[in-house]
Amino acid sequence: MFYMDLFDYMREKNTEKESPLASRMRPRTLDEVVGQEHIIGKDKLLYRAIRADKIGSIILYGPPGTGKTTLAKVIANSTSAEFRQINATSAGKKDMEEIVQEAKDRLGGYGRKTILFIDEIHRFNKGQQDYLLPFVEDGTITLIGATTENPYFEVNSALISRSMIFELHPLTTENIRTLIHRAVYDSDRGMGAYNAEIDDDAEEFLAEMSNGDARHALNAVELGVLTTDKSADGKIHITLDVARECIQKRVARYDKKGDNHYDTISAFIKSMRGSDPDAAVYYLARMMNAGEEPEFIARRIMICASEDVGNADPNALRVAVAASLAAERIGWPESRIILAQAAEYVATAPKSNTADASIGKAVQLVEETGDLPIPPYLQDAHYSHAKDLGHGIGYQYSHLYEQHYSGQQYLPDAVKDERLYEPSENGYEQRIRAHMYDLTHSERYREPQELEPQPHDKTDRT
């Protein structure tokens, strides 16, 4: 048993020594953590809970490289409880059963609690997540889950209700610069033993290009130090040119099935709705850069053209539909011009949400009143004996009246006074509003007078 423990200890030490810089530089205490002050500032609940070793079940949610695993490791170093860790991409129910059994024995025999950290918990299926419920509920284990996906979508609601959710934000440029500087000059766990130096502009460049992902920045630092020859002064100089070679493209936080996908399309739509063409094409470029399908973007432009522009500019929907058809036929990269044109048109068009509002009110009215009787004169009269039932009798054919308006009632009697479509004062709807007011308020239409039928008019107009 002694030899096994010694071998395990030596293996752990060697693994730690040979592990990537990003892993070696993980903070071991709360005081070493950089960023995330909104949840681990000294006056915050999570900070106090970790300090007091009174941590409850939590879900850590945020983009890669923001410190989810780091926080779990800090908790591991701060707690008197047994800390166990598994990754949902490789672990299964059998692994959890073993940990749960050990936790029961430990709690019953020594009164010592067990914290189970599950990285990428969203990878567990519903059955695997359900297995944990009773043991989280009765305190056999304290769960710490980490996920890059929105836990409200990817983690069982029963687990969510038993846990506190903490969202981690992308690290700021200054946060990343602090970590880079620490990694370059730390002789214990960092690259200090290599006698390296990093220029300010190189440090700034790496921090900017990492886009809030500390792991990406530290990987670039390690690559730069290990692949750069020493200068005449015996030092390794990480210059701007070296940094550019280590990160040649900005990290894109975009997953077609993840939060950033929905956040970006949401910002795109809201920018068009808010009449900001600059922001609209900016978010379009971000989606394009991430490889989003042009058809997906085109669908959202069409929806916005109808929902947010509507009859204030009826041409917006025509432009959006035409752009959708063109983008589908052409694809990237040329369709970016077509989609940009459509997005700019929708963004700069006068706005009205009356179509959305009217159909919403109509649906609610139907749900409240059910299938009310349709006035008989509006019912179909194109079949034998329809008129025997009174169908179509009394219908006033609009085109036989001045201004092609008879003033007849079309809504069912029970809701005849409802007004569902209210044209706005914007764009073309000003003309619609004026036209409808003229039709419905002019004295000459109070008592509709039928004109003489034209020779080609049918007797029965349906």
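Just so it is clear, the structure is predicted and the values come from calculations on it, not from any experiment. (Residues numbered from 1 in each chain as written. Predicted model: local features only at pLDDT ≥ 70, side-chain atom pairs only at ≥ 80, totals over all residues. Heavy atoms only, no water.)

Draft legend 1. Seen up close, the nonpolar core. One finds Ile180 and Leu206 to be the most contacted residues of the largest nonpolar core, which totals 30 residues. Listing elements by their share of this core, those giving two or more residues are helix H2 (21–24), helix H10 (173–185), strand S6 (196–198), helix H11 (200–209), helix H12 (214–227), strand S7 (236–238) and helix H13 (240–246). Examining the composition of this core, we find that 6 residues originate from one element, H12, more than from any other. If we ignore the near neighbours within four places in the chain, the residues touching Leu206 are Ile180, Ile198, Ala217, Ala220, Val221, Ala243 and Ile247. (Core = buried A, V, L, I, M, F, W, Y, C linked by side-chain atoms within 4.5 Å. Buried < 20%, exposed > 50% of the residue type's maximum accessible area, 1.4 Å probe, protein only. Helix = DSSP H or I, 4+ residues; strand = E, 2+ residues; numbered from the N terminus. Contact = heavy atoms within 4.5 Å.)

Draft legend 2. Just unusual backbone geometry, in detail. With phi around 55°, Glu120 is a residue other than glycine that occupies positive phi space. Within the secondary structure layout, Glu120 lies in the loop between strand S3 (114–119) and helix H7 (126–137). Classification of Glu120 as partly exposed rests on a relative accessible area of 24%. Within the chain, Asn195 stands out as a residue other than glycine whose phi angle is a positive 60°. Positionally, Asn195 belongs in the loop between H10 and S6. The exposure class assigned to Asn195 is partly exposed, which follows from its relative accessible area of 36%.

Draft legend 3. View of helix H16 (residues 294–309). Compared with the 22 Å implied by 1.5 Å per residue over 16 residues, the 21 Å span of H16 between its first and last C-alpha is a close match. Taken together, the buried positions of H16 are occupied by Pro294, Phe296, Ile297, Ala298, Ile301, Cys304, Ala305, Asp308 and Val309. In the stretch just after H16, Gly310 is the one whose phi turns positive, near 55°. (Expected span 1.5 Å × (residues − 1).)

Draft legend 4. Structural view of the packing of helix H6 (residues 93–110) against H7. In contact at an axis separation of 10 Å, H6 and H7 are set at 5° when each is read in the N-to-C sense. Taken as axis vectors, H6 and H7 run roughly parallel relative to one another. For the pair H6 and H7, contact is made by Lys93, Met96, Glu97, Val100 and Lys104 and by Gln128, Tyr131, Leu132 and Phe135, respectively. Grouping the amino acids of the contact of H6 with H7 by side-chain chemistry returns 5 nonpolar, 1 polar and 3 charged. (Axes fitted to C-alpha atoms, helices over the stretch in contact; angles between N-to-C directions. Parallel < 35°, antiparallel > 145°, perpendicular 65-115°, else oblique. Nonpolar A, V, L, I, M, F, W, Y, C, P; charged D, E, K, R; others polar.)

Draft legend 5. The arrangement of the confidence of the model for the protein chain in detail. When pLDDT is averaged along the protein chain, the result is 82; 86% of the residues meet or exceed 70. When the criterion is pLDDT under 50, residues 450–462 qualifies, and its contacts beyond four places in sequence or with other chains add up to 15 contacts. (pLDDT = per-residue confidence, 0-100.)

Draft legend 6. Expanded view of the packing of H16 against helix H18 (residues 335–348). For the pair H16 and H18, the least separation of the axes is 10 Å and the interaxial angle reads 15°. By the angle between their axes, H16 is roughly parallel relative to H18. Of the two possible hands of crossing, H16 and H18 adopt the one that is left-handed. Contacts between H16 and H18 involve Pro294, Ile297, Ala298, Ile301, Cys304, Ala305 and Val309 on the former and, on the latter, Ser335, Leu339, Ala342, Ala343 and Val346. Class assignment of the residues belonging to the contact of H16 with H18 gives a composition of 11 nonpolar, 1 polar and no charged. (Left-handed = near helix turned anticlockwise from the far one by under 90°.)

Draft legend 7. View of the pairing of S3. The element S3 is largely enclosed, with a buried count of 6 among its 6 residues. In S3, alternate side chains face the same way, and those of Thr114, Leu116 and Ile118 on one face and Ile115, Phe117 and Asp119 on the other are all buried. Both strand S2 (residues 82–87) and S3 contribute to a ladder of 6 bridges, which runs parallel. By the bridge assignment, Asn87 is partnered in S3 with Asp119. Following the chain from S2 across H6 to the adjacent parallel S3, one finds a crossover that is right-handed. Relative to strand S4 (residues 142–147), S3 is paired through 5 bridges, and the arrangement is parallel. From the neighbouring strand, Asp119 faces S4, where its bridge partner is Ala146. Where the polypeptide runs from S3 across H7 and back to S4, its parallel neighbour, the crossover connection is right-handed. (Pairing = 2+ DSSP bridges. Right-handed = clockwise from strand over helix to strand, strands pointing away.)

Draft legend 8. Just the sheet that holds strand S5 (residues 164–167), in detail. One open sheet accounts for 5 strands, arranged S2-S3-S4-S1-S5; its pairing is parallel. In the strand order of this sheet, the two ends are held by S2 and S5, each with one partner. With strand direction ignored, the average angle separating the axes of adjacent strands in the sheet is 15°. Sheet contacts for H6: S2 and S3; angle to S2, the most-contacted strand, approximately 175°.

Draft legend 9. Summary view of the pattern of salt bridges. Following the criterion strictly, the structure yields 17 salt bridges and no others. Note that Arg28 is salt-bridged to Glu32, the shortest N-O span being 3.6 Å. We classify Arg28 as partly exposed; its relative accessible area is 39%. Between Asp308 and Arg273 there is a salt bridge whose closest N-O contact spans 2.8 Å. (Salt bridge = Lys/Arg side-chain N within 4 Å of Asp/Glu carboxyl O.)

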